[in-house]
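So the chains spell out like this:
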Amino acid sequence: MNFLELIKRASPSPEPLFTGKWATLIFRPDLGSQQEFIVGVIASINGDTSPQIKWLPSLSRLSALYGEALTTTEITALLSGSEQAIRFSYASTLEKIDSGTPHVSVRPCGYMATHNIDLELISLLKRQSGAIWQEPQAREQTMDDDWAYSVMLNAVSAIQSQSNLWIPHRTLTLQNKTLSVALDSGKSYANIISARYSSYQTVERHIYTSMLQVSTAHRLSSRSSPPALFVVLPDAKTSEEALTSKKTANLLREVEDSGLMQFCEPSPADLALKLGAWASL
């Protein structure tokens, strides 16, 4: 076997899209005890202005250890407040984060390099949390980002021919980096996101991840117009859907303040009209 020939034929591996540092989020229910649990992980990604946080998908096993003394609702409320404090105090480093409570601490673990932040954090959390990890329940797949992409593709095709907008397989390679981007108007990039997941945290995570993808594409290609996000909101037929829709709209206003354009509608047809207008800018 000619190893020199094999080396010549070998193609270089793409560089990791995301690099930074990660840490575990430690929960100590009783401050007078040394017992503690890893309930989350957090990543500080180079070039990102906000941390990436992943909590346990279920707290039932942790709550079961304490019975009525510590309910799942109480733990969820504590971790939710802690996340707000973490995001507020974050300044591109994990070392000086304030969790807002002595019950939650941040323990830096080292460096990370990955192509997919979400999958990497899930893998890290699953390994670190041990026995209290519980596989998340299957969510309805018909309303995920793939669903939103499909219905938007059909809605746009129904009103105008914009076949050149859609990036094949939603995969864009720029400077040896592989990005997940759906739309290219020639002046700007954009992604399509569903806000119809059962958990608002999932919606939030997908928006932040998609925001980073299109922002990176915009920076690497030096496009003239700002990148954009198109979000299909819930129909708001229930109080929970209405709350998710309100939270998503508020989050998108923050996204807009960071320099991205954002468009959101519960109706794919109405959102398609905005997409068409964006493509014509």
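Residues numbered from 1 in each chain as written. Predicted model: local features only at pLDDT ≥ 70, side-chain atom pairs only at ≥ 80, totals over all residues. Heavy atoms only, no water.

Trainee: Got a minute to help me understand helix α3 (residues 72-89) in this structure?
Mentor: The periodicity of an α-helix, 3.6 residues per turn, causes residues three or four places apart in sequence to face the same way. With 18 residues, α3 should reach 26 Å at 1.5 Å per residue; the first-to-last C-alpha distance of 26 Å fits that figure. On its buried face, α3 sits against β1 (18-27), β2 (37-45), β3 (52-55), α2 (60-64), β4 (104-114) and α6 (200-221). (Helix = DSSP H or I, 4+ residues; strand = E, 2+ residues; numbered from the N terminus. Expected span 1.5 Å × (residues − 1). Contact = heavy atoms within 4.5 Å.)

Trainee: Looking at this structure, how should I read the pattern of salt bridges?
Mentor: Pairs can form between side chains of opposite charge once their charged atoms are near each other. By the definition in use, this model includes nine salt bridges. Between R170 and D146 there is a salt bridge, and its shortest N-O distance comes to 2.8 Å. Taken together, the residues R170 in the loop between α5 (145-159) and β5 (171-174) and D146 in helix α5 connect sequence positions 24 residues apart. By relative accessible area, R170 is classed as partly exposed at 24%. Residue D146 is classed as partly exposed on the basis of its relative accessible area, which comes to 45%. We note a salt bridge from R196 to D235, for which the minimum N-O separation is 3.2 Å. Taken together, the positions of R196 in the loop between β8 (189-194) and α6 and D235 in the loop between β9 (228-232) and α7 (239-257) put the pair 39 residues apart, joining distant regions of the chain. Note on D235: relative accessible area 42%, which makes it partly exposed. One salt-bridge network, in which partners are shared between bridges, spans R28, E36 and R107. (Salt bridge = Lys/Arg side-chain N within 4 Å of Asp/Glu carboxyl O. Buried < 20%, exposed > 50% of the residue type's maximum accessible area, 1.4 Å probe, protein only.)

Trainee: I would appreciate a short explanation of the sheet that holds β1 in the present structure.
Mentor: Strand-to-strand pairing in sheets goes through backbone hydrogen bonds, with the strands running parallel or antiparallel. Taken in spatial order, the four strands of this open sheet run β3-β2-β1-β4, and their pairing is antiparallel. Here the strands that pair on one side only, and so sit at the sheet edges, are β3 and β4. Each adjacent strand pair in this sheet contributes to an overall mean axis angle of 20 degrees, direction not counted. Of the pairings in the sheet, the one linking β1 to β2 comprises eight bridges and is antiparallel in character. Looking at the pairing, K21 lines up with S44 of β2. Set on the sheet, α3 makes contact with β1, β2, β3 and β4; between it and β3 the angle comes to about 170 degrees. With respect to the sheet, α6 is in contact with β1 and β3, its orientation differing from that of β3 by roughly 150 degrees. (Pairing = 2+ DSSP bridges. Axes fitted to C-alpha atoms, helices over the stretch in contact; angles between N-to-C directions.)

Trainee: How should the pairing of strand β10 (residues 261-265) be read in this particular structure?
Mentor: A regular strand places its side chains on the two faces of the sheet in alternate fashion. Within β10, four of the five residues are buried, which leaves the element mostly enclosed by the surrounding structure. Looking at chain direction, β9 and β10 are connected through five bridges and run parallel. By the bridge assignment, V231 is partnered in β10 with C264. Following the chain from β9 across α7 to the adjacent parallel β10, one finds a crossover that is right-handed. (Right-handed = clockwise from strand over helix to strand, strands pointing away.)

Trainee: Would you mind going over the nonpolar core with me for this structure?
Mentor: Across soluble globular proteins, you tend to see nonpolar side chains buried next to one another. In terms of nonpolar packing, the biggest core is built from 61 residues, with V39, I42, V181, I207 and L229 touching the most fellow members. If we skip the residues at most four places from it in the chain, I42 touches K21, W22, A23, L25, P51, Q52, I53, I86, L94, I97 and V106. The next biggest cluster of nonpolar side chains, apart from the first, holds 21 residues, and it includes W166, A182, F230 and F263. (Core = buried A, V, L, I, M, F, W, Y, C linked by side-chain atoms within 4.5 Å.)

All quantities given are derived from atomic positions and should not be read as evidence of function.
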